[in-house]
Amino acid sequence: MRFILFISIFSISLFAQKITFQDEYDNNVTLNNEAKKVALFPIPLASFSIAVDGNTNRIQSINPIAKDIINQGILGKIFKEANNLNTTGISADFSPNIEELIKADPDFIVQWGSFGSELYEPLKKLGIAMALIKFKGEENTIKWFEMLGKAYKQEERVNSILKHRAEIRKNIEQMKFANQPKIAMFSSSAGKLNLAGKDTYHDWAINLIGAKNIAKHQGFRLVEPETFLALNPDIIFIASTDKTEPKYFYNNKIFSKINAVKNKKVYKMPNGGFRWDPPSQESPLSWLWMISMAHNIDLDIKSHMQEMYAFLYNYNLSENDMDLILQIDVNKNSSNYLEFFGKKEDK
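What you see is a predicted model; the values in this text were computed from it and never measured.

Rules and cut-offs
- Residues numbered from 1 in each chain as written.
- Predicted model: local features only at pLDDT ≥ 70, side-chain atom pairs only at ≥ 80, totals over all residues.
- Heavy atoms only, no water.
- Helix = DSSP H or I, 4+ residues; strand = E, 2+ residues; numbered from the N terminus.
- Rg over C-alpha atoms; globule rule 2.2 N^0.38 Å.
- Buried < 20%, exposed > 50% of the residue type's maximum accessible area, 1.4 Å probe, protein only.
- Contact = heavy atoms within 4.5 Å.
- Areas by Shrake-Rupley, 256 points an atom, 1.4 Å probe, with all protein chains shown as cover.
- Core = buried A, V, L, I, M, F, W, Y, C linked by side-chain atoms within 4.5 Å.
- Pairing = 2+ DSSP bridges.
- Axes fitted to C-alpha atoms, helices over the stretch in contact; angles between N-to-C directions.
- Phe/Tyr/Trp six-rings, centres within 6.5 Å; stacked < 30°, edge-to-face > 60°.
- Lys NZ or Arg CZ within 6 Å of the ring centre and 35° of its normal.
- Parallel < 35°, antiparallel > 145°, perpendicular 65-115°, else oblique.
- Left-handed = near helix turned anticlockwise from the far one by under 90°.
- Nonpolar A, V, L, I, M, F, W, Y, C, P; charged D, E, K, R; others polar.

## Overview of the overall build of the chain
Helix and strand counts for the chain come out as 17 helices and 12 strands. Taken against the 2.2 N^0.38 rule, which gives 20 Å for 347 residues, the C-alpha radius of gyration of the chain at 22 Å falls within 12% of a compact globule. Buried residues in the chain amount to 52% of all 347 residues. Intrachain contacts of the chain at a sequence separation of at least 6 include 63% that bridge at least 24 residues. When the accessible surface of the chain is totalled, it reaches about 16,200 Å², and 49% of it is carbon and sulfur.

Shown next, in the form of structure tokens:
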């Protein structure tokens, strides 16, 4: 009888350790215990994982583009071990290298579900717990955090991150602005402008900060400079890791009649623990920065940065760190940039 009771208790204990949740496609994801070795295909997820855990211990393989962003940015300085993360199981286009992934031996995989079944069907055959995610708006980003929190048994930590995120969002939604400037958010490609349209995270963020997206198309679309002229944005935000800089617009006569160029309102977005233009663990900082640039309001971004970096990474940002993140040198000729973010001697 005691033996049977012991077996029953042992079975209940094992069952209780299982972690079950649904991914963004309503697939059930089951882990026998918390994930100890993870493979993260989506580019933002590496930095999300580091923010949740405060280290890279679980990460077995990440996207090579994610590794480049870490190496070139502040995370590579804060978490030096992140510079050596493995990328052999994951290609830049999100396709899996099955042989290398098997060597990495992950017990949990996160993959895009919105870029074609050929990216995740081969992974299903491995029999490893996998969550599929979507790329769209803030609600998707929240779901990413929640799934990592469950898989890592870090729900308390994730709840504190999301609480802070929600508080800043609520404060922004309660702000009243005098006007709604027209904004263009883009990255360049083959001499064209890759413009963020509707149904993108970028469009969601533009609306959050009380502005209008000049693009009416769905998703991203390459547009010729002539088309861009007709749209005539009041503000231009350049993707943080794009090679294009504000001076490209200021020095090119074809753009001279655009409001954003005439008023020196072209900005390259900051690049912190992740890029500030797509969703990231630092998105609340991005929202505040965008408000400052769009509505000419000094929100003391540097103080917010220091607080968030202490919270997310237990790291004390220096002035030089913040200058690099905010891309001061690239943006110094744009309206209000040195006034809001420069050192005293620069103002």
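Here the narrative resumes, following the displayed structure.
## Digging into unusual backbone geometry
Backbone phi values are negative for most residues with the exception of glycine, while trans is the configuration of most peptide bonds. Non-glycine residue Asp26 carries a positive phi angle of around 65°. Along the chain, Asp26 turns up in the loop between strand S1 (19-22) and strand S2 (28-31). Looking at Asp26, the relative accessible area reads 58%, which means it is exposed. Unusually for a residue other than glycine, Asn232 sits at a positive phi of about 45°. Summarising the element assignment, Asn232 is placed in the loop between helix H10 (225-231) and strand S11 (235-238).

## A few points about the nonpolar core
In a soluble, globular protein the nonpolar side chains are often hidden away together inside. Ranked by size, the top nonpolar core spans 85 residues in total, and within it Phe108, Phe237 and Trp289 carry the most contacts. Core analysis: the second largest hydrophobic core is formed by 17 residues, Leu193, Ile238, Ala260 and Val261 among them.

## Focus: the side chain of Ser286
On the secondary structure map, Ser286 appears in helix H13 (residues 283-295). Judged by its relative accessible area of 3%, Ser286 is buried. Excluding its chain neighbours within four sequence positions, the residues that come into contact with Ser286 are Met269 and Trp276.

## Considerations on the sheet that holds strand S6 (residues 129-133)
Pairing is parallel across the open sheet formed by 4 strands, whose spatial order is S4-S3-S5-S6. Each having just a single partner strand, strand S4 (59-62) and S6 make up the two edges of the open sheet. Between one strand axis and the next, the sheet turns through 20° on average, direction left out of account. Here 3 bridges tie strand S3 (residues 38-40) to S4, and the two strands are oriented parallel to one another.

## Quick look at the packing of aromatic side chains
Evaluation of the coordinates by the stated rule reveals 26 aromatic pairs. Taken together, a centroid distance of 6.3 Å and an interplanar angle of 45° make the contact between Phe237 and Tyr267 tilted. Of this pair, Phe237 sits in strand S11 while Tyr267 sits in strand S12 (residues 266-268); the two residues are 30 residues apart in sequence, bridging distant segments of the chain. In this structure Tyr267 comes out as buried when scored by relative accessible area, which is 0%. Aromatic ring contacts, followed pair by pair, group Phe48, Phe94, Trp112, Phe115, Phe135, Trp144 and Phe145 into a single cluster. A cation over a ring is seen here: Lys134 above Tyr25, with NZ or CZ 5.0 Å from the ring centre.

## What about the packing of helix H9 (residues 201-208) against H13?
Taken N-terminus to C-terminus, the directions of H9 and H13 make an angle of 55°; their axes are 10 Å apart at the nearest point. Judged by the angle between their axes, H9 and H13 are oblique. Viewed along their axes, H9 and H13 form a crossing whose handedness is right-handed. Side by side, H9 and H13 meet where Tyr201, Trp204, Ala205, Ile206 and Leu208 of the first sit next to Ser283, Trp287 and Met290 of the second. Of the residues in the contact of H9 with H13, the class split is 7 nonpolar, 1 polar and no charged.

## Quick word on the environment of Leu45
Mapping Leu45 onto the fold places it in helix H2 (residues 45-53). It is 26 Å that separates the C-alpha atoms of Leu45 and Glu173, two residues lying 128 residues apart in sequence. Once you skip the residues sitting within four places of it in the chain, Leu45 turns out to touch Leu40, Val110, Ile133, Trp144 and Leu148.

## Re the environment of Asn194
For Asn194, the location among the structural elements is in strand S8 (residues 192-196). For the pair Asn194 and Leu222, spaced 28 residues apart in sequence, the C-alpha separation works out to 4.3 Å.

## Describing the pairing of S2
Here S2 shows a buried face lined by Val29 and Leu31 and an unburied face lined by Asn28 and Thr30. Taken together, the 4 bridges between S1 and S2 define a ladder with antiparallel strand orientation. Residue pairing for S2: Gln22 is matched across the bridge by Asn28. Hairpin remark: S1 followed by S2, antiparallel, with 5 residues in the connecting loop; positive phi at Asp26, about 65°.

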